[in-house]
Amino acid sequence: EPYRRQRQMCIRDSITTMKQINFHLALYPDTFLWINEQKGIFYNTREHSTFLFDITNLIKNYCTQLLDVHNLYVISINEKEYQCQELAIWIQKICLHNVGFFIKHQYETPSPISFPPLLNLQSDIDRIEAAEDRDVGEYAAQNWNEFSIYLGGESKFPNLHKQIPYPVDDSSILPFYDLQAFLSSSDNSYLNTINIIGNPFSYPYKAELMDLLYSIPVKKNFYLTASTACRFIKEIQQIDLPNYELYIYYEQEEASIHHILTEKQIPFHWIYLISSEKQYEDLEKLETKYGNEYVEVHPIYTGDNLPFFEENVYLAEEDILQSNYDKQDIFAHQVMNTNFWGRLSVLPDGKVYSNLNHPPLGTLKDRVYDLIVDEMTSKRAWRWIRDEVSPCKDCLFRYLCPSPSNYELVIGKPNLCHVKP
């Protein structure tokens, strides 16, 4: 309602003859403004509205004033400059796109008040490192929230685990007692999800692993083939494991277990791996037959299907401008990688990673605390953001884009978009 009233005032005032003395332009607290030498963009996280505009000397001057934190998103508009059609149209569009408002008033009337969306840097790693009396480790544990356990065995796609959660092709036996000690650390108090990826029945310590998972009060996700899931259904019901979900790699000839899963009310999702447009017909049949809520689609890069990614995964400018991020999402994109932050993984050989495309941080024998601090002080994965990537770091839309992902690393391209090819 306040947005509606202010917009009406803005439009009315911007198209009538000005007789007042003071003119002020203010941006809403939910609005972000980014500019470069050629373009500027407003993005309102409440309305999810965007306004892309050209930068001229006059517009740049007012944008610079708006971005000055001391002005608190409220600036005076010069009456003579407002007579310039270029500025008047720019202000009118700001109002029409619901990113700010324009008012005129008498000298004695107080100017409007707004507050720019500023990231709270109290816990920012660079700020902590610069402070002599603080240490990055002071809040290390609370940033580890997800742990993926890769069991050994065979894999239909040996290298796919570097793109998505998928079983590895590894004959090593995960050292259970090291895993137990690692997960029993006091540094796992903020852990909220454990992923078990692979065939539990091929693991010699399956019974001990299930007992350990039962004792840890977090969400458990099991990534299984359909044939393994058939056996696992009975197992998981016998131990009455709380708070779990099955993620089953879809194989058409084995999809008949769907009715078993739904009948027994077992929480699950089909994972549909797609690498070509030819598979869309099969995917549509699956979603029609079982419902979209049961299907999770994962594109996979095969090495020779880049055109498929360019057509179906890469973002165009219009895709980016239709973003539905809230204020916290934008803040997150400015300081962390939302795909990797807070996540650690262990492979069957006991080596621990923040990202499986990078060298390991250490092993299960290391202290969780030390591994987390090491990752937080680097920019390997958790802090790998668009500001660290060229050409993204010079792109106007970098905070409206998803964080860099494993696909970029596997494909060998810094970004998956058509804006900065």
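Model, not experiment: these values are computed from the prediction.

Asks: Could you clarify how one ought to interpret the packing of helix H7 (residues 206-215) against helix H8 (residues 226-239) in this entry?
Replies: Between two packed helices, both the angle of their axes relative to each other and the distance between the axes serve to describe the pair. Relative to each other, H7 and H8 sit at 50 degrees, their axes nearing to 12 Å. The angle between H7 and H8 places the two elements in the oblique class. Note on packing geometry: the crossing formed by H7 with H8 is right-handed. Facing Lys206, Met210 and Tyr214 of H7, the residues of H8 in contact are Phe232, Glu235 and Ile239. In the contact of H7 with H8, the residues fall into four nonpolar, no polar and two charged.

Asks: Before we go on, may I ask you to explain unusual backbone geometry in this structure?
Replies: The bulk of non-glycine residues show a negative phi, and the bulk of peptide bonds are trans. Here the amide bond leading from Ser390 into Pro391 is cis, since omega sits at 15 degrees, within 30 degrees of zero. Take Pro391: it is sitting in the loop between helix H14 (368-377) and helix H15 (406-411). The phi dihedral of Asn98 is positive, around 60 degrees, even though this residue is not glycine. Its place among the elements puts Asn98 in the loop between helix H4 (85-96) and strand E6 (100-105). Take Asn98: its relative accessible area is 5%, and that puts it in the buried class.

Asks: Please clarify how the pattern of salt bridges should be interpreted in this entry.
Replies: Where charged atoms from two side chains of opposite charge approach closely, those side chains can pair. Following the criterion strictly, the structure yields 14 salt bridges and no others. As a salt-bridge pair, Glu235 and Lys206 come within 2.7 Å of each other at their nearest N and O atoms. One end of the pair, Glu235, is in helix H8; the other, Lys206, is in helix H7, with 29 residues separating them in the sequence. A salt bridge links Asp374 to Arg380; the nearest nitrogen and oxygen atoms lie 3.3 Å apart. Looking at Asp374, the relative accessible area reads 32%, which means it is partly exposed.

Asks: For this particular structure, what's the right way to read the sheet that holds strand E2 (residues 31-35)?
Replies: Backbone hydrogen bonds hold the strands of a sheet together, and the pairing may be parallel or antiparallel. Spatially, the three strands line up as an open sheet ordered E2-E3-E4, and their pairing is antiparallel. Where the open sheet ends on each side, the last strands, each with one partner, are E2 and strand E4 (49-54). Strand after strand, the sheet turns through a mean of 15 degrees between neighbouring axes, direction not considered. Note: strand E3 (residues 39-44) against E4, six bridges, orientation antiparallel. Opposite Ile41, over in E4, you have Leu52 as the bridge partner. Along the sheet face, helix H2 (residues 57-67) touches E2 and E4 and points at about 130 degrees away from the line of E2. Strand contacts of H4: E3 and E4, with the helix running at about 165 degrees to E4, the strand carrying the most contacts.

Asks: Is there a simple way to explain the state of the cysteines in this structure?
Replies: Disulfides are covalent bonds that connect the sulfur atoms of two cysteines. A complete count under the given rule lists zero disulfides for this structure. Cysteine Cys395 remains unbridged, with the sulfur of Cys401 as its closest cysteine sulfur at 6.1 Å. We classify Cys395 as buried; its relative accessible area is 8%. Take Cys401: its relative accessible area is 9%, and that puts it in the buried class.

Asks: Whenever I open this one, the side chain of Asn355 confuses me. Can you help?
Replies: Position of Asn355 relative to the elements: it lies in the loop between strand E14 (351-353) and strand E15 (362-363). Judged by relative accessible area, Asn355 falls into the buried class, the value being 4%. A distance of 2.7 Å separates the side chain of Asn355 from the backbone nitrogen of Asn357, its partner in a polar contact. Not counting residues within four places of it along the chain, the set of residues in contact with Asn355 comprises Phe340, Ala381, Asn406 and Leu409.

Asks: Please clarify how the sheet that holds strand E1 (residues 22-27) should be interpreted in this entry.
Replies: Here three strands make up an open sheet; going across it, the order is E5-E1-E6 and the pairing antiparallel. Every interior strand has two partners, whereas the edge strands, strand E5 (74-76) and E6, have only one. On average, each strand axis in the sheet is inclined to that of its neighbour by 20 degrees, with strand direction left out of account. Where E1 meets E5, three bridges bridge the pair, whose relative direction is antiparallel. Residue Leu25 lies in a different strand from E5, and its bridge partner there is Ile75. Along the sheet, H2 contacts E1 and E5; its crossing angle with E5, the most-contacted strand, is approximately 140 degrees. On the sheet, H4 packs against E1 and E6 and is oriented at approximately 120 degrees with respect to E6.

Definitions and limits used
- Residues numbered from 1 in each chain as written.
- Predicted model: local features only at pLDDT ≥ 70, side-chain atom pairs only at ≥ 80, totals over all residues.
- Heavy atoms only, no water.
- Axes fitted to C-alpha atoms, helices over the stretch in contact; angles between N-to-C directions.
- Helix = DSSP H or I, 4+ residues; strand = E, 2+ residues; numbered from the N terminus.
- Parallel < 35°, antiparallel > 145°, perpendicular 65-115°, else oblique.
- Left-handed = near helix turned anticlockwise from the far one by under 90°.
- Contact = heavy atoms within 4.5 Å.
- Nonpolar A, V, L, I, M, F, W, Y, C, P; charged D, E, K, R; others polar.
- Buried < 20%, exposed > 50% of the residue type's maximum accessible area, 1.4 Å probe, protein only.
- Salt bridge = Lys/Arg side-chain N within 4 Å of Asp/Glu carboxyl O.
- Pairing = 2+ DSSP bridges.
- Disulfide = S-S within 2.5 Å.
- Polar contact = N/O pair within 3.5 Å; in protein donor to acceptor, adjacent residues only side chain to side chain.

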